[in-house]
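The lines below spell out each chain.
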Amino acid sequence: MKKYYLSTIVLALLFFVTISQSLQAQTVAKEAVVKVEGEVLKTLSLSLSDFAKLKHVDATMKSREGVLQQYSGVPIFDLLQLAGVTVGKELKGENLTKYMLVRSSDGYEVVFSLAELDPSFTNRVVILADSKDGKPLADGVGPFRLVVPDENKPARSALEVTNLIIRFAKD
Ligand SMILES: Nc1nc2c(c(=O)[nH]1)N[C@H]1C(S)=C(S)[C@@H](COP(=O)(O)O)O[C@H]1N2
Ligand SMILES: [Mo]
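Residues numbered from 1 in each chain as written. Chains lettered and ligands numbered in written order. Predicted model: local features only at pLDDT ≥ 70, side-chain atom pairs only at ≥ 80, totals over all residues. Heavy atoms only, no water.

## Observations regarding the overall build of the chain
- Looking only at helices and strands, the chain has 3 helices and 10 strands in total.
- When the helices and strands of the chain are listed from N to C terminus, the series reads α-β-β-α-β-β-α-β-β-β-β-β-β.
- Evaluated residue by residue, the chain yields a buried proportion of 35% over its 171 residues.
- The contacts in the chain between residues at least 6 apart in sequence include a share of 58% that link residues at least 24 apart.
- Total accessible area on the chain is roughly 10700 Å²; 57% of this is exposed by carbon and sulfur atoms. (Helix = DSSP H or I, 4+ residues; strand = E, 2+ residues; numbered from the N terminus. Buried < 20%, exposed > 50% of the residue type's maximum accessible area, 1.4 Å probe, protein only. Contact = heavy atoms within 4.5 Å. Areas by Shrake-Rupley, 256 points an atom, 1.4 Å probe, with all protein chains shown as cover.)

Right, here's the structure in full:
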């Protein structure tokens, strides 16, 4: 009889340990990250909480419906600098043939040449936003969205961004 109780307890314990481990694995997998990779000195993998610690600026753009929207996020230039991409003084010569491929979780992709993102070439600040009107971005928009001001249509303002990949156009 004692033996029977003991094995029931052991089984129940095993059950709870397995359940809690799989729940834990799910929460870990759920934490969204954005990666900066490719032609970088250091690959970045930023979680929402890492991202929140970086210096934020505001950027506005018109939605598809033509309504002005205000977002907050981190300038792409800052992310490129953190990853050691050839921007600033190094953005010359063959480095001017580099581009950033933006990839989203739905497979949507857009590109920017590095010069479009560098303040020594342009005053326009493209940001990777993590909030709008002080709130985290909605499902299907965030957690990270590109905000590209002063463009006639918002087609390059990628939603649900997962990867910023730096590549050489040159072969
Ligand atoms: N990931 C992803 N981002 C995307 C798209 C898309 O299909 N997938 N469509 C683009 C297009 S064509 C438009 S017009 C805008 C719409 O953004 P809005 O809903 O803020 O107006 O998102 C852009 N970003
Ligand atoms: Mo669009």
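## Observations concerning the site of ligand 1
- Taken together, S63, R64, S104, D106, Y108, R145, P154, A155, S157, A158 and L159 are the residues near ligand 1.
- At 2.8 Å, a side-chain N or O of D106 approaches a nitrogen atom of ligand 1.
- In isolation ligand 1 exposes 530 Å². Once the protein is present, 77% of that is buried.
- The residue inventory of the shell around ligand 1, partitioned by class, reads 5 nonpolar, 3 polar and 3 charged. (Near = heavy atom within 4 Å. Polar contact = N/O pair within 3.5 Å; in protein donor to acceptor, adjacent residues only side chain to side chain. Nonpolar A, V, L, I, M, F, W, Y, C, P; charged D, E, K, R; others polar.)

## Some details on the sheet that holds strand β2 (residues 44-47)
- Across the sheet, 5 strands lie side by side as β2-β1-β10-β5-β6; this open sheet has mixed pairing. Looking along the sheet, the strands with just one partner apiece sit at the ends: β2 and β6 (109-113). Between one strand and the next, the sheet's axes are offset by a mean angle of 15 degrees, whatever the strand orientation.
- Bridge count between strand β5 (residues 98-104) and strand β10 (residues 161-168): 7 bridges; the pairing is antiparallel. Note that in β10 the partner of M100 across the bridge is I166. (Pairing = 2+ DSSP bridges. Axes fitted to C-alpha atoms, helices over the stretch in contact; angles between N-to-C directions.)

## Quick notes on the nonpolar core
- In terms of nonpolar packing, the biggest core is built from 30 residues, with I76, L80, M100, V102, L128, L146 and V161 touching the most fellow members.
- Looking at this core, the elements with two or more residues in it are β1 (33-38), β2, α3 (76-82), β5, β6 and β10.
- The element best represented in this core is α3, accounting for 4 residues.
- Residues in contact with L146, not counting those within four places in the same chain, are I76, V102, F112, V126, I127, L128, R156, S157, A158 and V161.
- Among the nonpolar cores identified, the runner-up in size contains 7 residues, and Y71, I127, A129 and V147 belong to it. (Core = buried A, V, L, I, M, F, W, Y, C linked by side-chain atoms within 4.5 Å.)

## Comments concerning the pairing of β5
- Most of β5 sits inside the fold, with 5 of its 7 residues counted as buried.
- Summarising the sheet, β5 and β6 pair through 5 bridges and their orientation is antiparallel. Residue pairing in the sheet places R103 in a bridge with E109 of β6.
- Between β5 and β6, which pair antiparallel in sequence order, lie 4 residues; one of them, G107, sits at a positive phi of approximately 90 degrees.

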